[in-house]
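The primary structure of each chain is shown beneath.
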Amino acid sequence: MDTDLTGKLLIALPSIGDPRFSRSVILLCAHSPDFAMGIVLNKPMEGIRLPEILEQLDVETELGVPDAHVLDGGPVNMDRGFVIHTDDVISEGATLEIDGAFCMTATRDMLQLIGSSAAPRKSVLALGYSGWGAGQLEVELAANAWIVGEPDDDLVFGESHDLKWRHALGRMGIDSGRLQMDGGNA
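Residues numbered from 1 in each chain as written. Predicted model: local features only at pLDDT ≥ 70, side-chain atom pairs only at ≥ 80, totals over all residues. Heavy atoms only, no water.

Caption draft 1: Looking closely at the pattern of salt bridges. A full pass over the atoms with the stated rule returns six salt bridges. For K8, the salt bridge goes to E150, with nearest N and O atoms at 2.4 Å. Placement of K8 in the segment before β1 (9–12) and of E150 in the loop between β10 (146–149) and α4 (153–157) is noted, with a sequence separation of 142 residues between them. Since its relative accessible area comes to 25%, K8 is described here as partly exposed. Using a relative accessible area of 43% as the deciding quantity, one classes E150 as partly exposed. R20 is the partner of D18 in a salt bridge, and the nearest nitrogen-oxygen pair spans 2.8 Å. Its relative accessible area of 54% is what places R20 among the exposed residues. (Salt bridge = Lys/Arg side-chain N within 4 Å of Asp/Glu carboxyl O. Helix = DSSP H or I, 4+ residues; strand = E, 2+ residues; numbered from the N terminus. Buried < 20%, exposed > 50% of the residue type's maximum accessible area, 1.4 Å probe, protein only.)

The structure is reproduced here in structure tokens:
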């Protein structure tokens, strides 16, 4: 499979096998034959909110920042922040344009912008990311661990994290209640 899935959603199926990704919805920020990288959109970190992170990092803000969840973006580089945001703010040389609507920036400058009048229309901060080596994601897709879907603003930026997995499947006409954990025997 040489299809570029950058900008698509990975929606975990019950056969995922890795409890860290159970019911995960991941925005693929980059995908090539050599690697894939994405951010989990529906796993907020316990007890960590955006204003607290900015305060801990000594990020100066002009305006109050929203009291938003910080996401657990995945098990790789958990000490690093990644901001998924709308394409109305671009940090030259630092912003990765994911598709026509979403971008990712992993710089302190973007954190400062979030608390300013120059903030992106919408944004979410994640700590860590999900990564795959060469061919690894394709193997997982072939094993039916993931289904590929299309993102929307609510899935990417919405605060109803516990509903995102069902919403992502529902947009594809899949009733999550009908998915089985294990295949049957014929």
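Caption draft 2: Up close: the pairing of strand β5 (residues 69–72). Looking at chain direction, strand β4 (residues 44–49) and β5 are connected through two bridges and run antiparallel. In the strand pairing of β5, R49 is matched with H69. Here β5 runs beside strand β9 (residues 123–132); their pairing, made up of two bridges, is parallel. Among the inter-strand pairings, D72 is bridged to a residue of β9, identified as L127. (Pairing = 2+ DSSP bridges.)

Caption draft 3: Structural view of the packing of aromatic side chains. Under the counting rule described, the total for this entry stands at four aromatic pairs. Look at F21 and W146: their rings are 5.9 Å apart centre to centre, the planes differ by 70 degrees, and that puts the pair in the edge-to-face class. Taken together, the residues F21 in the loop between β1 and β2 (25–31) and W146 in strand β10 connect sequence positions 125 residues apart. Here F21 and W146 have matching classes, each one buried. Taken together through their ring pairs, the aromatic side chains of F21, W132 and W146 make up a single cluster. (Phe/Tyr/Trp six-rings, centres within 6.5 Å; stacked < 30°, edge-to-face > 60°.)

Caption draft 4: Layout of a negative patch on the surface. On the surface, E52, E55, D58 and E60 cluster together into a patch of negative charge. With respect to the helices and strands, E55 occurs in helix α1 (residues 50–56). (Patch = residues over 30% accessible without salt bridge, like charges linked within 9 Å, V, L, I, M, F, W, Y side chains within 5 Å. Areas by Shrake-Rupley, 256 points an atom, 1.4 Å probe, with all protein chains shown as cover. Lys, Arg positive; Asp, Glu negative; His and termini not counted. Charge placed at Lys NZ, Arg CZ, Asp CG, Glu CD.)

Caption draft 5: Molecular detail of the state of the cysteines. In total, this model carries zero disulfides according to the counting rule given. Free of any disulfide, C29 has its nearest neighbouring cysteine sulfur in C103, separated by 10 Å. The buried category is assigned to C29, whose relative accessible area is 1%. (Disulfide = S-S within 2.5 Å.)

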